[in-house]
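# Summary of the model geometry
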Amino acid sequence: MTHDGPRGWGAPLHSAVLDVVAVGPGTRLLDLGCGTGRLARAAVDRGATVTGVDLDADAVAQAAAAVPEGTFLMRHAQDPPPGPFDVVAAVQLLMHVTDPVAVLRRAGRVGGVVVATVWGRDSECDLRVLQEALAPRRPGRGPAVSEPARLRAMAERAGLVVERLDEVVVPFDYADEEALLEPLLATPVGRAAARRADPEGLRSTVLERLEPYRTGGGYRLENLFRVLVARPA
């Protein structure tokens, strides 16, 4: 996908993740690829004890500031703290690591249950419209973690038993044209497209493709995510 979406878009996904593994008071949760701490904040607000790890030092610092009740460490997801943890979460992480099977395997060694999320297929996400408008002739991609069978197979190769594979549809709501275009055109794909085309023409092309998604003065794009829940074999 071409960009991370509007501010706050992840709240429904985080809520679904925490619900599906019953995170609540006393839950010991490890947040792999914790970013700036949004999942951690939601978990702590439910009474959980949270440890987060990420390779981005700035993100770790932001997470520590946003969630002072948590513990945040700069380390690789393949090298998690020993725990034990009741839940290990890998939210929107697997598509960004070199060896997702290794991440899942290590998660299963330190946690009682592993929950991971990935994007749906391009065809299942309205954000594809933005990607197509910016790079209409982009090359096709090989099998990805978005494929349910591939995601299940990776978990099984990691020594996990898949309990469920849910689908969650999350709306990306943009208040107006600028709220959508500004972050989109700041992405690497957006900057590359702007170098190839007249900026005003590019804006017009993107907005024309988005016309079916208008909601009054703004836009709504609905995107599917898969939520995997698995336990060590």
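Residues numbered from 1 in each chain as written. Predicted model: local features only at pLDDT ≥ 70, side-chain atom pairs only at ≥ 80, totals over all residues. Heavy atoms only, no water.

### Brief notes about the pattern of salt bridges
Overall, the coordinates contain 16 salt bridges when judged by the stated rule. Close ionic contact of Arg41 with Glu69 constitutes a salt bridge, the shortest N to O distance being 3.0 Å. Residue Arg41 is located in helix H2 (residues 38–45), and its partner Glu69 is located in the loop between helix H3 (57–66) and strand E3 (71–74); the two are separated by 28 residues in the primary sequence. For Arg41, a relative accessible area of 23% puts it in the partly exposed group. With a closest N to O distance of 3.1 Å, Arg121 and Glu147 form a salt bridge. Note that Arg121 is positioned in the loop between strand E5 (111–119) and helix H5 (128–134) and Glu147 in the loop between H5 and helix H6 (148–157), a separation of 26 residues in sequence. (Salt bridge = Lys/Arg side-chain N within 4 Å of Asp/Glu carboxyl O. Helix = DSSP H or I, 4+ residues; strand = E, 2+ residues; numbered from the N terminus. Buried < 20%, exposed > 50% of the residue type's maximum accessible area, 1.4 Å probe, protein only.)

### Here's the deal with the packing of aromatic side chains
In this structure the tally under the stated criterion is 5 aromatic pairs. Relative to Trp119, the ring of Trp9 lies with its centre 6.3 Å away and its plane at 20°, an arrangement referred to as stacked. A residue pair is termed long-range when its members are at least 10 positions apart, and Trp9 in the segment before helix H1 (11–20) and Trp119 in strand E5 qualify at 110 residues. Each member of the pair, Trp9 as well as Trp119, carries the same accessibility label: buried. When the ring of Trp9 is compared with that of Phe172, the centres are 4.9 Å apart and the planes differ by 40°; the resulting orientation is tilted. Residue Trp9 is found in the segment before H1, and its partner Phe172 is found in strand E6 (residues 160–174); the two are separated by 163 residues along the sequence. Among the aromatic residues, those joined into a ring-pair cluster are Trp9, Trp119, Phe172 and Phe225. (Phe/Tyr/Trp six-rings, centres within 6.5 Å; stacked < 30°, edge-to-face > 60°.)

### Quick look at the nonpolar core
Judged by nonpolar contacts, the single largest core of 49 residues is most densely connected at Phe172, Val206 and Leu210. In terms of residue count, strand E8 (residues 218–232) provides more of this core than any other element does, 5 residues in total. Discounting chain neighbours no more than four positions away, the residues touching Val206 are Leu130, Ala133, Leu134, Leu181 and Leu184. Leu104, Val145, Ala155 and Leu228 belong to the second-largest nonpolar core, a separate cluster that totals 28 residues. (Core = buried A, V, L, I, M, F, W, Y, C linked by side-chain atoms within 4.5 Å. Contact = heavy atoms within 4.5 Å.)

### Observations regarding unusual backbone geometry
Omega for the peptide link from Gly83 to Pro84 comes to 10°, which places this bond in the cis form. Tracing the chain through its elements places Pro84 in the loop between E3 and strand E4 (85–91). For Ala22, which is not a glycine, the phi torsion comes out positive at approximately 55°. Residue position: Ala22 is located in the loop between H1 and strand E1 (28–32).

### Here we look at the side chain of Gln92
Within the secondary structure layout, Gln92 lies in the loop between E4 and helix H4 (100–110). The exposure class of Gln92 is buried, given its relative accessible area of 15%. A polar contact is formed between the side chain of Gln92 and the side chain of Thr117, at a distance of 2.7 Å. Of note is the side chain of Gln92, whose polar atom sits 3.3 Å from the backbone nitrogen of Val118. (Polar contact = N/O pair within 3.5 Å; in protein donor to acceptor, adjacent residues only side chain to side chain.)

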